[in-house]
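Chain residues, written in single-letter form:
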Amino acid sequence: MEKQVEHQGDFFPDYDNKDSKLIVNEGVPQPPITNPYVKKFYKKRPEILTADQYMEGILAGNTTILSQAITLVESYLPEHRAVAQEIIKRCQPISSERKTMRIGITGVPGAGKSTFIESFGSYMTSCGHKLAVLAIDPSSEKTKGSILGDKTRMETLCNDPMAFIRPSPSAGSLGGVARKTRETILLCEAAGYDTIFVETVGVGQSETAVHSMTDFFLLLLISGAGDDLQGIKRGIMEMSDMINVTKADGTNKEKAEMAKVLYINALHLFPPTESGWVPTSVTSSSVTKEGLPEIKEKIDSYFELVRGNGYYEKRRREQARYWMYESINESLKNMFYENPEIEKLLPEYEEAVLAGKLESFTSASELIDKYKLSK
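About the cut-offs
- Residues numbered from 1 in each chain as written.
- Predicted model: local features only at pLDDT ≥ 70, side-chain atom pairs only at ≥ 80, totals over all residues.
- Heavy atoms only, no water.
- Helix = DSSP H or I, 4+ residues; strand = E, 2+ residues; numbered from the N terminus.
- Expected span 1.5 Å × (residues − 1).
- Buried < 20%, exposed > 50% of the residue type's maximum accessible area, 1.4 Å probe, protein only.
- Arc of directions from axis to C-beta.
- Phe/Tyr/Trp six-rings, centres within 6.5 Å; stacked < 30°, edge-to-face > 60°.
- Lys NZ or Arg CZ within 6 Å of the ring centre and 35° of its normal.
- Polar contact = N/O pair within 3.5 Å; in protein donor to acceptor, adjacent residues only side chain to side chain.
- Pairing = 2+ DSSP bridges.

A.B. asks: With reference to specific residues and values, describe helix H15 (residues 360-374).
C.D. replies: Across its 15 residues, H15 extends 21 Å between first and last C-alpha, which sits within 8% of the 21 Å expected from 1.5 Å per residue. Within H15, burial applies to Ser363, Leu367 and Tyr371. Down the axis of H15, the buried set is contained in an arc of 75 degrees. They therefore lie on one face. Across H15 from its buried face, at more than 90 degrees, point the exposed residues Phe361, Lys372 and Leu373.

So, in structure tokens, the structure goes:
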């Protein structure tokens, strides 16, 4: 006797029993794995404009074109390099003609650099200055990414039509200065910004880079943070043209004044500056706005002094020489890593070093020799 099948459906596709009351639905069709509407939200990479188009937008003060040009300058892609170099070449003489103020701003963690820049920057624009803020954001050593949140912390200044804020990742650069900060300065000056703020990551690494691209170096410190003098590196204080003790308000105002006197006495122990300027210390509050007019007054006095005695032009020429050598070093590095022979051999040598089969210096020497032979 034939065995009765108790179920029908997908398990028994050949079974047909019209008298059965069991009905198996086909089911709900499954949605696609990817969003079918994703193309509506996908933005294509913007097309690269010509150098003429970029220059036209920069000279017209178009911040969108200026931002795109800065992105092009910061790009690591070889195809962007030619247009970027042409833009820099054209902006250089325009920047040289304009007697701008380049101000480097650094400070200890917690000194309130972003808050001070927003407060002091707003004061500068209210005095008629056109301000560009180049905020350098620290990059992660693990992921190489940056938050780039300075524009969110400077909400008031961000909406100021007389201000332009450009956050850039430090990308491991010493001194917390992005790789292309100096070129960005040239573009901003060509766009008509007469005052440039360069905010660094903070004290802890060599600040030579920011000092070599700015005219005035402002160090932000706080009071009541322990050993005020010995906690700050001598090299940072020697490079400073002015020390600003921030957060001088409320119950902290008296401590800030005491710290100011302490720093003034310490600055007098350093050798005289080549510019003839006597570094000093001040206090300020980004909340009450106290001290901001005094800071601007001292900065104006500094630029009046250095422009009068010729140090302004001399320093700019020395900076140009410094960055000539830096550009040579960067170009040589790019030529080495973009060499097809080196690109092919580098993973092998890297694996040999990791395996302990080759010493680091030996592998580097051999790769350089192979690069020379490939030329």
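A.B. asks: Account for the packing of aromatic side chains, naming residues and giving values.
C.D. replies: A full pass over the atoms with the stated rule returns 10 aromatic pairs. Ring centres 5.9 Å apart and planes at 35 degrees place the aromatic pair Phe164 and Tyr193 in the tilted group. With Phe164 in strand S3 (residues 163-169) and Tyr193 in the loop between helix H8 (181-190) and strand S4 (195-199), this pair connects stretches of sequence that are 29 residues apart. The same class applies to Phe164 as to Tyr193, namely buried. Ring centres of Phe336 and Tyr337 lie 5.2 Å apart, and the angle between their planes is 85 degrees; on these two criteria the pair is classed as edge-to-face. We classify Phe336 as buried; its relative accessible area is 15%. Here the aromatic cluster, defined as three or more aromatic residues joined through ring pairs, consists of Phe216, Trp277, Tyr302, Phe303 and Tyr312. Positioned above the aromatic ring of Tyr193 is the side chain of Lys130, whose terminal nitrogen or guanidinium carbon lies 4.7 Å from the ring centre. The ring of Tyr312 has Arg307 lying over it, and the distance from NZ or CZ to the ring centre is 5.0 Å.

A.B. asks: How would you explain helix H3 (residues 63-74) if you had to name every residue and give the values?
C.D. replies: Relative to the 16 Å expected for 12 residues at 1.5 Å per residue, H3 spans 16 Å between its end C-alpha atoms, a close match to the ideal helical length. Among the residues making up H3, those that are buried are Ile65, Leu66, Ala69, Ile70, Leu72, Val73 and Glu74. With a side-chain oxygen positioned 2.9 Å from the backbone nitrogen of Thr64, the residue opening H3 is Asn62.

A.B. asks: Please give an account of the side chain of Glu199 that cites residues and values.
C.D. replies: Position of Glu199 among the secondary structure elements: in strand S4. Of note is the side chain of Glu199, whose polar atom sits 3.4 Å from the side chain of Ser114.

A.B. asks: Quick rundown of the pairing of strand S5 (residues 216-221)? Include the residues and the values.
C.D. replies: Most of S5 is tucked away, with 6 of its 6 residues classed as buried. Residues Phe216, Leu218 and Leu220 point to one face of S5 and Phe217, Leu219 and Leu221 to the other, with burial holding for every one of them. Bridge count between strand S1 (residues 101-107) and S5: 5 bridges; the pairing is parallel. Across the sheet, Gly104 pairs through a bridge with Phe217, a residue of S5. Of the pairings in the sheet, the one linking S5 to strand S6 (residues 242-245) comprises 4 bridges and is parallel in character. Within S6, the residue paired with Leu221 across the bridge is Val245.

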